[in-house]
Amino acid sequence: MNDDAQLTARPINMSAMRLQDKSYCSHRRAFVMLIVTAFICAPVCAAEKTLRKDVARKTIMRVAGLQLKKSAVKVKQVSGASAPVEVSAAIKTAFHFKRRADGSWQVVEVRVGDRQWEEIDQLARAWHFERTTPLIAQLEQLTAQFEAQQRARATERKRHKQEDKESSKDQRKHKQAADTAATNAQDFRAGPFVGKSFASLLTSATVETEIDMTFRLNRDAGGAWQATEARIGDDAWQDTAALVHVLDAEKVARARADLDALAAALEAFRRERGFYVVADSSAALVDQLNPRYTPDVIRIDPWHRPYEYTGTRDTYALRSLGPDGKAGTDDDITLTGGMPLKPSGRSGLE
């Protein structure tokens, strides 16, 4: 049989070829989509396993009872792909100082939230005095630097006062702009503390500060990130749960002292008037007691929540909601009729 006959005997199946082409194209498209999907999903899957900076910031904002604003926590670096993860951050806060008899500055409070301040002595006891003493010295050194700068600038302004009067308006404007730029650029560092601004009024001062801190974050049983350890600068690591426990114990003692003082004032009020203060809030109570029966204005408990008060002519109850901030739990701190309630069960803060 010749070639023409063979071609005639074996006709080309065009339909089958078209089906094969379609099948090949379909498989090729599927393969390409698989590759593209892999490249797109790989970073997403990796991101789910890595702690994001925004999650780290939110975790740090609430560590150890802090109530920091988002702008107060600047995450610098997240190290590690799995727990524990170390997060270095700059914490923006402020410190209050009072002037000692010798003219030096003593740090007394630190800002821990919006209009919320904690006593430095209380924090120092929780963090351990021997570890906080160098840090406190660095803070006070920072304030001394700011005050020295402030005095130097005051002297400089006084020295140039006459020259400024004689200079032209444009020259004065240019000099003021240069002075402002120099002032804004001047920060002071002492250890892990960077002073950003200084404001003083005779015997008190406030220094806006950034603190270099590092946190170790782990996942809890529910998978949420928790800051389990923290350190200031190159200081030793501090267990945050232990820190909170010690702080809460300090605050419980202070809350009881506050309630004892209010109870004593109530008894003095009753001896003089024949009845207790009839009210349903601590604000109304203090308005009746201060200043005749107590010199102190005691309204807010150590956890920055109002004390509770209910009183009739014959009975009264004073209460702090304690560390957890919830009514009716074991850590509530209560006085009634001037005597402490006998609790049915107490927390580990006793």
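A quick note: this is a predicted structure, and the numbers were derived from the prediction, not measured.

About the cut-offs
- Residues numbered from 1 in each chain as written.
- Predicted model: local features only at pLDDT ≥ 70, side-chain atom pairs only at ≥ 80, totals over all residues.
- Heavy atoms only, no water.
- Buried < 20%, exposed > 50% of the residue type's maximum accessible area, 1.4 Å probe, protein only.
- Helix = DSSP H or I, 4+ residues; strand = E, 2+ residues; numbered from the N terminus.
- Axes fitted to C-alpha atoms, helices over the stretch in contact; angles between N-to-C directions.
- Parallel < 35°, antiparallel > 145°, perpendicular 65-115°, else oblique.
- Left-handed = near helix turned anticlockwise from the far one by under 90°.
- Contact = heavy atoms within 4.5 Å.
- pLDDT = per-residue confidence, 0-100.
- Phe/Tyr/Trp six-rings, centres within 6.5 Å; stacked < 30°, edge-to-face > 60°.
- Expected span 1.5 Å × (residues − 1).
- Polar contact = N/O pair within 3.5 Å; in protein donor to acceptor, adjacent residues only side chain to side chain.
- Nonpolar A, V, L, I, M, F, W, Y, C, P; charged D, E, K, R; others polar.
- Pairing = 2+ DSSP bridges.
- Core = buried A, V, L, I, M, F, W, Y, C linked by side-chain atoms within 4.5 Å.
- Arc of directions from axis to C-beta.

### Side note on unusual backbone geometry
Phase 1 of the analysis: A cis amide bond links Asn290 with the next residue in sequence, Pro291, at an omega value of 5°.
Phase 2 of the analysis: Its identity is not glycine, yet Arg115 carries a phi of approximately 60°, on the positive side.
Phase 3 of the analysis: With relative accessibility at 74%, the residue Arg115 sits in the exposed group.
Phase 4 of the analysis: The backbone of His304 sits at a positive phi, close to 70°, despite the residue not being glycine.
Phase 5 of the analysis: Inspection of the secondary structure assignment puts His304 in the loop between helix 9 (282–289) and strand 10 (308–311).

### Focus: the packing of helix 4 (residues 120–127) against helix 8 (residues 240–273)
Phase 1 of the analysis: Running from N to C, helix 4 and helix 8 cross one another at 135°; their axes reach a closest spacing of 8 Å. As the angle between them shows, helix 4 and helix 8 are arranged oblique. For the element pair helix 4 and helix 8, the recorded crossing hand is right-handed. Contacts between helix 4 and helix 8 involve Gln122, Leu123, Arg125, Ala126 and Trp127 from the first element and Leu243, Val246, Leu247, Glu250, Lys251 and Arg254 from the second.

### Focus on the environment of Ser197
Phase 1 of the analysis: When you line up the elements, Ser197 lands in strand 6 (residues 193–201).
Phase 2 of the analysis: Look at Ser197 and you get partly exposed, because its relative accessible area is 32%.
Phase 3 of the analysis: As a C-alpha pair, Ser197 and Val207 span 10 residues in sequence and 5.7 Å in three-dimensional space.
Phase 4 of the analysis: Setting aside anything within four residues of it in sequence, one finds Ser197 in contact with Phe146, Thr206, Val207 and Glu208.

### So, the confidence of the model for the chain
Detailed reading of predicted coordinates is not advised where the pLDDT is low.
Phase 1 of the analysis: Averaged over all residues, the pLDDT of the chain equals 81, while 75% of them reach at least 70.
Phase 2 of the analysis: Low pLDDT, under 50, characterises residues 30–48; the predicted model gives this stretch 1 contact beyond four residues in sequence or across chains.
Phase 3 of the analysis: Counting contacts from residues 181–185, a segment whose pLDDT is below 50, to residues more than four positions away or on other chains yields 2 contacts.

### Overview of the packing of aromatic side chains
Aromatic ring pairs: the centre-centre distance and the angle between the two ring planes describe each pair.
Phase 1 of the analysis: A full pass over the atoms with the stated rule returns 7 aromatic pairs.
Phase 2 of the analysis: Look at Phe95 and Phe193: their rings are 6.1 Å apart centre to centre, the planes differ by 90°, and that puts the pair in the edge-to-face class. Residue Phe95 is found in strand 2 (residues 85–99), and its partner Phe193 is found in strand 6; the two are separated by 98 residues along the sequence. An identical accessibility class is assigned to Phe95 and Phe193; each is buried.
Phase 3 of the analysis: Ring centres of Tyr276 and Tyr316 lie 4.8 Å apart, and the angle between their planes is 75°; on these two criteria the pair is classed as edge-to-face. Here the residue Tyr276 occupies a position in the loop between helix 8 and helix 9, and Tyr316 occupies one in strand 11 (residues 316–320), the gap between them amounting to 40 residues.

### Thoughts on helix 8
Phase 1 of the analysis: For helix 8, built from 34 residues, the straight-helix expectation of 50 Å at 1.5 Å per residue is met to within 8% by its first-to-last C-alpha distance of 48 Å.
Phase 2 of the analysis: Of the residues flanking the start of helix 8, the one acting as N-cap is Asp239, its side-chain oxygen 3.0 Å from the backbone nitrogen of Ala241.
Phase 3 of the analysis: Looking one or two residues beyond helix 8, the residue adopting positive phi is Gly274, at roughly 90°.

### Some details on the packing of helix 8 against helix 9
Phase 1 of the analysis: The interhelical angle for the contact between helix 8 and helix 9, taken along N-to-C directions, is 55°, at an axis separation of 11 Å. Taken together, the axes of helix 8 and helix 9 lie oblique to each other. Remark: the crossing between helix 8 and helix 9 carries left-handed chirality. Contacts from Leu262, Ala265, Leu266 and Phe269 in helix 8 reach Leu285, Gln288 and Leu289 in helix 9.
Phase 2 of the analysis: The class makeup of the residues in the contact of helix 8 with helix 9 is 6 nonpolar, 1 polar and no charged.

### Quick notes on the pairing of strand 2
Working note: regular strand, side chains alternate between the two faces of the sheet.
Phase 1 of the analysis: Sheet topology places strand 1 (residues 73–79) next to strand 2; 6 bridges connect them, and they run antiparallel. Residue pairing in the sheet places Gln77 in a bridge with Ser88 of strand 2.
Phase 2 of the analysis: Where strand 2 meets strand 7 (residues 204–219), 14 bridges bridge the pair, whose relative direction is antiparallel. Bridging from a neighbouring strand, Val85 pairs with Leu217 of strand 7.
Phase 3 of the analysis: Here 5 bridges tie strand 2 to strand 3 (residues 105–113), and the two strands are oriented antiparallel to one another. In the sheet register, Phe95 faces strand 3, and the bridge partner there is Val110.

### Concerning the nonpolar core
Phase 1 of the analysis: Core analysis: the largest hydrophobic core is formed by 43 residues, its most contacted members being Phe95 and Phe215.
Phase 2 of the analysis: Excluding residues that lie within four positions of it along the chain, Phe215 makes contacts with Ile60, Val63, Val85, Glu86, Val87, Ala89, Ile91, Glu229, Ala230 and Trp237.

### Things to note about helix 9
Phase 1 of the analysis: Of the positions making up helix 9, those classed as buried are Ser282, Leu285, Val286 and Leu289. End-on view of helix 9: buried residues confined to an arc of 95°, all on one side of the axis.

### What about the side chain of Gln149?
Phase 1 of the analysis: Examined against the element boundaries, Gln149 turns out to sit in helix 5 (residues 129–159).
Phase 2 of the analysis: For Gln149, a relative accessible area of 15% gives the class buried.
Phase 3 of the analysis: What Gln149 contacts, discounting residues up to four positions off in sequence, is Gln186 and Phe188.

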